[in-house]
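A structural walkthrough
One letter stands for each residue in the lines below.
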Amino acid sequence: GDQVEQSPSALSLHEGTGSALRCNFTTTMRAVQWFQQNSRGSLINLFYLASGTKENGRLKSTFNSKESYSTLHIRDAQLEDSGTYFCAADRVGDNSKLIWGLGTSLVVNP
Amino acid sequence: DAGVTQTPRHEVAEKGQTIILKCEPVSGHNDLFWYRQTKIQGLELLSYFRSKSLMEDGGAFKDRFKAEMLNSSFSTLKIQPTEPKDSAVYLCASSDWGGYNYAEQFFGPGTRLTVL
């Protein structure tokens, strides 16, 4: 069954606004990565977390293994933030394989 | 430092052809992964190597897909024979597994394969 439930599947923001993306896990994960896939298809690493919260510029991510979720907050959205955002998690006992969410398609409008 | 490189960036094949995709991991990384990405299935793991040893060959993809890693800085993915349903983006990733539970994966730009 599904092990990474990512929401929302699509999101539209105006420049300067913000929102949160979420991944819920149906099994215990030991680390999570967040990626942005840009218009050229490249997967850009945003965050890698084994626990806690990390912040980088206008982005902030949290991973709570006990409560089985991770979030990605975007603030002051810019046009270049448009793309598809994926979370991918490493399942305990699964030998470094990533389990992927289906992605959130983000469009930032002027 | 160079990231993960993949060649070619685009490939068009006729049904039944053999194609070989290439990947060079980040220098010093010892884990290498091949993924396939489609809009319907999302990202699927095809193969996974650790220190050149095949750790996983992706079950359902064993039939016509073969990944090899003859040295620590180069891997190939052969699809033989190709079918139209193989049209997808093929992504290679690497990580520096230092004996801990998990290491961050870094991705190449991908190869977009179209099978006619």
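The preceding data block contains the structure.
To start, this report covers the structure provided alongside it.

Analysis parameters
Residues numbered from 1 in each chain as written. Chains lettered and ligands numbered in written order. Predicted model: local features only at pLDDT ≥ 70, side-chain atom pairs only at ≥ 80, totals over all residues. Heavy atoms only, no water. Helix = DSSP H or I, 4+ residues; strand = E, 2+ residues; numbered from the N terminus. Rg over C-alpha atoms; globule rule 2.2 N^0.38 Å. Areas by Shrake-Rupley, 256 points an atom, 1.4 Å probe, with all protein chains shown as cover. Contact = heavy atoms within 4.5 Å. Buried area = accessible area lost by both parts, 1.4 Å probe. Salt bridge = Lys/Arg side-chain N within 4 Å of Asp/Glu carboxyl O. Polar contact = N/O pair within 3.5 Å; in protein donor to acceptor, adjacent residues only side chain to side chain. Phe/Tyr/Trp six-rings, centres within 6.5 Å; stacked < 30°, edge-to-face > 60°. Buried < 20%, exposed > 50% of the residue type's maximum accessible area, 1.4 Å probe, protein only. Lys NZ or Arg CZ within 6 Å of the ring centre and 35° of its normal.

Scanning chain A for helices and strands turns up zero helices and eleven strands. The helix and strand sequence of chain A, counted from the amino end, reads β-β-β-β-β-β-β-β-β-β-β. For 110 residues, the compact-globule estimate of 2.2 N^0.38 gives 13 Å, and chain A sits close to it at 13 Å. If you sum the accessible surface of chain A, you get close to 5,200 Å²; carbon and sulfur atoms cover 46% of it.

What follows concerns the interface of chain A and chain B. Every contact between the two is made by 18 residues of chain A and, on the other side, 21 residues of chain B. Carbon and sulfur atoms supply 52% of the area buried between chain A and chain B, which totals about 1,700 Å² over both sides. Across the chain A-chain B interface, the total number found is zero salt bridges. Connecting chain A to chain B are four residue pairs in polar contact (both at pLDDT 80 or more).

Bringing the packing of aromatic side chains into the picture now. This structure, assessed with the given rule, holds ten aromatic pairs over all chains. Note on A:Phe25 and A:Phe63: the rings are 6.0 Å apart at their centroids and 75 degrees apart in plane angle, and the pair reads as edge-to-face. Pair noted here: A:Phe25 is in strand β3 (residues 19-25) and A:Phe63 is in strand β7 (residues 59-64), with a separation of 38 residues, a long-range link. Residue classification places A:Phe25 among the buried positions, given a relative accessible area of 6%. Arranged with centres 6.2 Å apart and planes meeting at 25 degrees, the rings of B:Phe33 and B:Tyr35 form a pair that is stacked. Judged by relative accessible area, which is 0%, B:Phe33 ranks as buried. For A:Arg22, the ring lying beneath its charged end belongs to A:Tyr69, and the centroid distance is 4.2 Å.

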